[in-house]
Amino acid sequence: MPILEVKNLVKSFGKTEVLKGIDFSIEKGDVLSIIGSSGSGKTTLLRCLNFLEFAENGTIAINDKVIYDGSEKAKMSEQYIREMRLHFGLVFQSFNLFPQYNVLKNITLAPMLLKTDTPENIEKHALELLEKVGLSDKLSSYPCELSGGQQQRVAIARALALSPDILCFDEPTSALDPELTGEVLKVIKQLAEHDTTMIIVTHEMNFAREVSDKVIFMDEGVIAEQGTAKELFENPKNERTATFINTITK
Ligand SMILES: Nc1ncnc2c1ncn2[C@@H]1O[C@H](COP(=O)(O)OP(=O)(O)OP(=O)(O)O)[C@@H](O)[C@H]1O
Ligand SMILES: [Mg+2]
């Protein structure tokens, strides 16, 4: 049974259909990478999964239970959507930490507000997560005192603090200088080794190839091809996949 199954997801902005019927699934503990050219709909897909946008058609199921049905959107309460959102964590390209809070508070804020556990346990978990991302010594620092790579690692710890079923990344390293990219990719790789279920939108082809169980190539709002990393990168069936991979890896 897949942990996540997406069926026929359709999303438009005005008259423009940006997602034209997206179908895929992912197994628990697997890493799915999404590649594709600019404007193909990758961010929109992640935003629909995190209920920052609402697909007007299609379904999203977690562990075989449909949690979202675009045709029944009107029936969903704010409270229900907030709860469903907790299945997913999202790490943005631009970190988006709260500048007025230190690192520890950035991580504990949401779990404290949602009262997911006792304050002591929430803080203990946050310290464990900081250790995981290699930033135990920075718990009292403010975002402006950290490098981009460190900020992004805090953002990863913050997303993990709510223990999502699936952690999503939208080009987690594209706002970083090349020398800071490695430290963030290393953390994501460690999470993969510890069976964290992840969906990663990335332009880092070598990384995608190394870490992914499955890769999706998006093109103009459709999944043009999906398969194992080996299938997609070494033997793409679709000509557009081949062209895209050739262009980007040159
Ligand atoms: N809020 C919005 N309103 C109107 N159009 C939008 C909105 N968000 C995205 N779009 C359009 O939807 C299409 C897909 O955008 P999206 O950001 O999902 O692409 P992407 O694959 O993430 O691209 P990139 O690689 O540049 O990040 C684009 O044509 C974009 O202009
Ligand atoms: Mg994008």
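The notes below deal with the structure included here. Position numbers for residues start from 1 in each chain and track the written sequence from start to end. Starting at A for chains and at 1 for ligands, labels are handed out in the order in which the entities are written. Note on the predicted model: pLDDT of at least 70 is required for a residue's local features to be given, and 80 or more for side-chain atom pairs to be given and counted; whole-chain, interface and lining totals, by contrast, use all residues. By convention in this description, side-chain values take in all heavy atoms of the structure and omit both hydrogens and water.

## Quick word on the packing of aromatic side chains
Thinking step 1. Stacked, tilted and edge-to-face pairs are distinguished by plane angle, under 30 degrees for stacked and over 60 for edge-to-face with tilted covering the rest, among Phe, Tyr and Trp rings (Trp via its six-membered ring) whose centres lie within 6.5 Å. All told, the structure shown has 6 aromatic pairs when counted by the stated rule.
Thinking step 2. An aromatic cluster is defined as three or more aromatic residues linked by ring pairs; in this entry it consists of Phe 51, Phe 54, Tyr 68 and Phe 88.
Thinking step 3. Cation placement over rings: the criterion is NZ of Lys or CZ of Arg within 6 Å of the ring centroid and within 35° of the ring normal. Over the ring of Phe 98 we find Arg 158, and its NZ or CZ is 5.0 Å from the ring centre.

## Thoughts on the packing of helix α3 (residues 103-114) against helix α5 (residues 148-160)
Thinking step 1. Axis angles are defined between N-to-C directions and span 0 to 180 degrees, where every axis is a line fitted to C-alpha atoms and, for a helix, only to the segment in contact. Each helix is a run of DSSP H or I of at least 4 residues and each strand a run of E of at least 2, with the numbering of both proceeding from the N terminus. Two numbers describe how α3 lies on α5: the axes approach to 8 Å, and their chain directions differ by 25 degrees. Considering their axes alone, α3 and α5 lie roughly parallel with respect to each other. Between α3 and α5 lies a crossing whose hand is right-handed. For the pair formed by α3 and α5, the contact residues are Val 103, Asn 106 and Ile 107 on the first element and Val 154, Ala 157 and Arg 158 on the second.
Thinking step 2. Of the residues that constitute the contact of α3 with α5, the class distribution is 4 nonpolar, 1 polar and 1 charged. Each angle is binned into one of four classes, with values under 35 degrees roughly parallel, values over 145 roughly antiparallel, values of 65 to 115 roughly perpendicular, and all other values oblique. By convention, the crossing between two helices is left-handed when the near helix turns anticlockwise from the far helix through less than a right angle, and right-handed when the turn is clockwise. Residues count as neighbours in contact if any of their non-hydrogen atoms are within 4.5 Å of one another. Gly falls in the polar group here, along with every residue not listed as nonpolar (Ala, Val, Leu, Ile, Met, Phe, Trp, Tyr, Cys, Pro) or charged (Asp, Glu, Lys, Arg).

## Let's talk about the packing of α5 against helix α6 (residues 178-193)
Thinking step 1. With their axes 8 Å apart at the nearest point, α5 and α6 run at an angle of 20 degrees to one another. One finds that α5 runs roughly parallel with respect to α6. With respect to the hand of their crossing, α5 and α6 are arranged in right-handed fashion. Contacts between α5 and α6 involve Gly 148, Gly 149, Gln 150, Gln 152, Arg 153, Ile 156 and Leu 160 from the first element and Leu 180, Glu 183, Val 184, Val 187, Ile 188 and Leu 191 from the second.
Thinking step 2. Of the residues assigned to the contact of α5 with α6, the class counts are 7 nonpolar, 4 polar and 2 charged.

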